[in-house]
Amino acid sequence: MNDDHGSVFDGLIGGDSAQWAFGTDFEDPLAGVDTTVPDGVDHAELAAYCLMLGDDALIMSQRLSEWCSRAPDLEEDIALANIALDLLGQARLLLARAAAADPVVVPALPEGSPVPAEDALAFFRDAGQFGNVRLAEVANGDFAHVIVRLLLFSVSRLALLERLRASIDTVLAHVAAKGVKELTYHRDWAARWFLTLAGGTEESRRRLVTALGDLWPYQPELVATHPVELSLARAGVGVDPATTRAEVDGILDQVFAMSGVARPDRPPLEGEGGRTGRHGTHTEALSGLLAEMQVVARAHPSGRW
Amino acid sequence: MSADRREWPLYEVFVRGKRGLNHVHVGSLHAPDDAMALRHARDVYTRRNEGVSIWVVRTDAITASSPDEKDPLFAPNGDKVYRHPTFYEIPENVPHM
Amino acid sequence: MTTTPAEPELQERLQAGFDATIARNDRIEPRDWMPDDYRRTLVRQIAQHAHSEIIGMQPEGAWIGRAPSLRRKAILLAKVQDEAGHGLYLYSACETLGVSRIELTELLLAGRQKYSSIFNYPTLSYADVGTIGWLVDGAAICNQVPLCRTSYGPYGRAMIRICKEESFHQRQGYELLMTMMRGTDAQRAMVQESVDRFWWPSLMMFGPPDGESPNSARSMAWGVKRNSNDELRQRFVDMTVPQADALGVTLPDPDLRWNEERGHHDFGDPDWAELAAVIRGDGPCNAERLRHRRTAHEDGAWVREAASAFASRSAEVAASASAGPSGGAGAR
């Protein structure tokens, strides 16, 4: 065999997997992490909590990945894909954790189906069973829209994960520690683009302000408290988002001040009877997103991928 | 000015893969300014590998020698590392496979 | 200025120096003198290659949103992202020849530079993601590995980086197909159907037969190209046949068989008329691919412009140093 392609096919059997994005390797991403649920922790609550945080990451990642091959330049295309990959990695760990904590949350599949739990959760739940905030699911708009969405999302999620590093649940602490590094970069990237668009041209500033106005009503949900969050915060497992509110507000105000953009004064988006995304009550956008995301998996409930 | 607005400037990227090694030229990219070039370099050339050190420098800030610079013929353009005056305009309606 | 030799004499000396470098199998670097035709050939080839990477994001990228497992979604997104990176490396190599990325993009959008014909075929099932990795990236690797030794330095260096990543692409594709073949009957049928569609277009990726490839001979003399189209096509067929056997799929060519005498597989002729039509712009997806790229480029114009404006304003603020430190470059 010719040397030229002999060496290349080494990639089929070996190769350094560290150079690839997290979770694209051929190994179990959860390998080596202690998955025992700590004593005294309510399994159903832990599962519900992991699904909320996991669904936030999954649905954001799905929206961000829609940008692939559509960004303003190649460098930004690559950056958005990196962020989507980070969040997808977080989602996988969290969904797998939910399934391990309380297998009841995993949708039933045909007898003998090889579909792993993380995929059963991602592809075989309906919209009402997703616990993500509504900010993550709204349809994409222009580049200003994705920057504002990512800024609001990453400022909150970073503040949350920083605190979650102290969770008594080993897996959550592990996911949080990894996520903090990632979210630090996402927040920095989004904030930097926020400043750029605010200080760029008339056009970019107009688009930015419009996007901020459109998305602002979704922001309060990021720092609102669901009963499960409160309960798990008391148990030392989770974080009450309300405790991040001051920090989140401070950081956003700093970005607004530096970019000379006024903090919008639009009221929060109402839920229905007090129910919001965390309770499974979503916008119309989510079912459309799921229809696309789940179509192949649902056509092959016993498929192997 | 209007030409500058159309395209972000080119940057050269140097990466120190690990401690004890020199920064090595790995390639180039476009960015609106230095700060963004650094972010782009991280995304494009290091796959966000933590702990490596990155230098970026605008390509037009590099002064280079020519391999043949002993030859005075080449002195006049000895300070431009990348722009070459010849731009080849491909005629229309010619297949290029 | 120094006195310059008479024009013809200078030209001869430069040409002789260039020829000697090529003859030594050494690399030509950006600031070396090079014949205009060499530069033109390189720009054409590298740009076409870069465009192929960027347009090639679309057929697979269309399935990121529908990937049937989260692991496959991560793999596919990382792969398509790599393609953006490869395009970027190659555009950079092209820029060392004096052509900017935006100029090349505009030539692509005007239909005046080409990209690989394979990306004008549609992706119709998730198996196509695997088949593209296995056959299309496999064919690309055959084409590209020899280019790591191409005579133009920046191109060769870009190719080395790209080839390393391409091996992951082929690996993930083949691994997806292997996994699907162990799945349900419907999945196995999906794999076979996909291979049936992509086999012939993959063979066409090596270009027309040697006798009808007008630029090949010169490119080979210059060391820009290292092997002929037919050589590479044969190499691809020889290495793919055992892989197809291992996978358990058939390749849709009744003439495909081992030729003991030649030590190679014999195989049928692709439909060259179809290749010509696809190159001409009449393939199944030509218009759609360009429209997608044009929309992204045009939709991004205001962003690129804003970032440039912000950068010049920041530079001005930095220059007038006495301004308050937190006045903020972006503040109006």
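The residue count restarts for each chain, going from 1 along the sequence in the order it is written. In the order they appear in the text, chains get letters beginning with A and ligands get numbers beginning with 1. Reporting of local features is limited, given that this is a predicted model, to residues whose pLDDT is at least 70; pairs of side-chain atoms are given and counted only at 80 or more, and all residues count toward the totals for whole chains, interfaces and linings. Side-chain measures were taken over the full set of non-hydrogen atoms in the model, leaving aside hydrogen atoms and water.

Some thoughts on the overall build of chain C
Summing up its helical and strand segments, chain C has 13 helices and two strands in all. Dimensions along the principal axes, computed over C-alpha positions, put chain C at roughly 75 × 60 × 35 Å. What makes two residues a contact is simply this: any of their non-hydrogen atoms within 4.5 Å. By sequence separation, contacts in chain C at least 24 residues apart represent 76% of the contacts at least 6 residues apart. Carbon and sulfur atoms make up 53% of the accessible area of chain C, which totals about 12,200 Å². Residues scored as positive are Lys and Arg, those scored as negative are Asp and Glu, and His as well as the terminal groups of each chain are ignored. To locate a charge, take atom NZ for lysine, CZ for arginine, CG for aspartate or CD for glutamate. Within chain C, the 44 negative side-chain charges are centred at a point lying 6 Å from the centre of the 38 positive side-chain charges. Secondary structure counts use DSSP, requiring at least four H or I residues in a row for a helix and at least two E residues in a row for a strand, with both numbered from the N terminus. In these tables, accessible area is a Shrake-Rupley quantity obtained with a 1.4 Å probe, and a residue counts as shielded only by the protein chains included in the view.

Some points on unusual backbone geometry
In this structure, Ser-69 of chain A is a non-glycine residue whose phi angle is positive, near 75°. Its location among the elements puts Ser-69 of chain A in the loop between α3 (43–65) and α4 (74–101). Non-glycine residue Asn-25 of chain C carries a positive phi angle of around 65°.

Focus on the packing of aromatic side chains
In this description, an aromatic ring pair is defined by two values, namely the gap between the centres and the angle between the planes. Residues and elements named next belong to chain C. Working definition: a ring pair exists when centres of Phe, Tyr or Trp rings (six-membered ring for Trp) sit within 6.5 Å. Plane angles under 30 degrees give stacked, over 60 give edge-to-face, the rest tilted. Evaluation of the coordinates by the stated rule reveals 16 aromatic pairs over all chains. On the numbers, 6.1 Å between centres and 80° between planes, the contact of Trp-63 with Tyr-126 is edge-to-face. Of the two residues, Trp-63 sits in the loop between α3 (57–61) and α4 (70–95) while Tyr-126 sits in the loop between α5 (101–109) and α6 (127–144), which places them 63 residues apart along the sequence. Accessibility expressed as a relative area gives 7% for Trp-63, which makes it buried. Ring geometry for Trp-134 against Tyr-174: centres 5.8 Å apart, planes inclined by 55°, an arrangement best described as tilted. Within this pair, whereas Trp-134 is found in helix α6, its partner Tyr-174 is found in helix α7 (residues 153–181), the two being separated by 40 residues in sequence. Partly exposed residues are those whose accessible area sits between 20% and 50% of the maximum for their type, while under 20% is buried and over 50% is exposed, using a 1.4 Å probe and protein chains only.

Details of the environment of Glu-284 of chain A
Residues and elements named next belong to chain A. You can see Glu-284 is positioned in helix α11 (residues 284–299). With a relative accessible area of 75%, Glu-284 lands in the exposed category. Sequence separation of Glu-284 and Val-138 is 146 residues, and the distance between their C-alpha atoms is 8.4 Å.

Overview of empty space enclosed by the protein
Residues and elements named next belong to chain C. Cavities and pockets are found on a 1 Å grid laid over the protein atoms alone: a cavity is a set of points where a 1.4 Å probe fits but cannot escape, a pocket is an open set with protein on both sides within 12 Å along at least five of seven lines, and a lining residue has an atom within 4 Å of such a point. Grid points are joined across faces, edges and corners, and a volume is the space filled by probe spheres set on the points. Enumeration according to the criterion identifies four cavities of 30 Å³ or more in this entry. Its boundaries defined by the atoms lining it, the second largest cavity holds a volume of some 140 Å³. With three residues, α5 is the single largest residue contributor to the lining of the second largest cavity. Residues belonging to the lining of the second largest cavity are distributed by class as follows: five nonpolar, three polar and six charged. Note on residue classes: Ala, Val, Leu, Ile, Met, Phe, Trp, Tyr, Cys and Pro are nonpolar, Asp, Glu, Lys and Arg are charged, and everything else, Gly too, is polar.

Here we look at the sheet that holds strand β3 (residues 53–58) of chain B
What holds strands together in a sheet is hydrogen bonding between their backbones, with the strands either parallel or antiparallel. Residue and element names in this part refer to chain B. Reading across the sheet, the three strands line up as β2-β1-β3 and stay open at both edges, with antiparallel pairing between neighbours. Strand pairing shows two members of the sheet lacking a second neighbour, β2 (24–30) and β3, which therefore form its edges. Direction aside, the axes of adjacent strands within the sheet are offset by 30° on average. One ladder, built from six bridges, connects strand β1 (residues 10–16) with β2; its direction is antiparallel. Any two strands are treated as partners once DSSP identifies two or more bridges connecting them. Only the stretch in contact is used when fitting a helix axis, every axis being a line fitted to C-alpha atoms; angles between N-to-C directions are given from 0 to 180 degrees.

Quick word on the interface of chain A and chain C
Interface size is commonly expressed as the accessible area that is lost once the parts come together. Chain A puts 67 residues into the contact, and the matching count from chain C is 69 residues. The term buried area means the drop in 1.4 Å probe accessible area that two parts suffer when joined, counted for both and summed. Buried surface at the junction of chain A and chain C, both sides included, amounts to about 5,900 Å², of which 68% is carbon and sulfur. One side-chain nitrogen of Lys or Arg within 4 Å of one carboxyl oxygen of Asp or Glu is enough to make a salt bridge. Here chain A is connected to chain C by two salt bridges. Here Glu-75 of chain A and Arg-101 of chain C are joined by a salt bridge, their closest N and O atoms 2.7 Å apart. We define a polar contact as two N or O atoms separated by no more than 3.5 Å, with the added condition that, inside protein, one atom must be a possible hydrogen donor and the other a possible acceptor, whereas residues neighbouring each other in sequence contribute only through side-chain atom pairs. Here chain A and chain C share 14 residue pairs in polar contact (both at pLDDT 80 or more) between them. Here the element with the most residues in the side of chain A that touches chain C is α4 of chain A; it accounts for 11 residues. For the side of chain A that touches chain C, the per-class residue count stands at 31 nonpolar, 19 polar and 17 charged.

Considerations on the pairing of β1 of chain B
Residue and element names in this part refer to chain B. Counting buried positions along β1 yields six of seven residues, so the element is predominantly enclosed. Where β1 lies against β3, six bridges are found, and the strand directions are antiparallel. Bridging from a neighbouring strand, Tyr-11 pairs with Arg-58 of β3.

A look at the side chain of Gln-187 of chain C
With respect to the secondary-structure elements, Gln-187 of chain C resides in helix α8 (residues 185–204). In contact with Gln-187 of chain C, other than residues within four places in its own chain, are His-300, Gly-303, Arg-304 and Trp-305 of chain A together with Met-180 of chain C.

Some remarks on the confidence of the model for chain B
Residues and elements named next belong to chain B. Looking at any residue, its pLDDT shows the predictor's confidence there, from 0 to 100. When pLDDT is averaged along chain B, the result is 68, and 56% of the positions lie at 70 or above. Ranking the elements of chain B by mean pLDDT puts helix α1 (residues 2–6) last, at 48, and β3 first, at 93. Note that pLDDT drops below 50 for residues 1–5; the model gives that stretch five contacts with residues more than four away or on any other chain. Across residues 69–97 the pLDDT falls below 50, and counting only partners more than four positions away or on other chains, this stretch makes 55 contacts in the model.

Here's the deal with the packing of α4 of chain C against α7 of chain C
All names here are of chain C. Relative orientation of the contacting elements α4 and α7 amounts to 160°, with a least axis distance of 10 Å. Considering their axes alone, α4 and α7 lie roughly antiparallel with respect to each other. Along this stretch, α4 crosses α7, giving a crossing that reads as left-handed. Within the contact of α4 with α7, the residues separate by chemical class into 11 nonpolar, four polar and nine charged. Our angle categories are set so that under 35 degrees counts as roughly parallel, over 145 as roughly antiparallel, 65 to 115 as roughly perpendicular, and the remainder as oblique. Whether a crossing is left-handed or right-handed is set by the direction in which the near helix is turned from the far one by less than a right angle, anticlockwise for left-handed and clockwise for right-handed.

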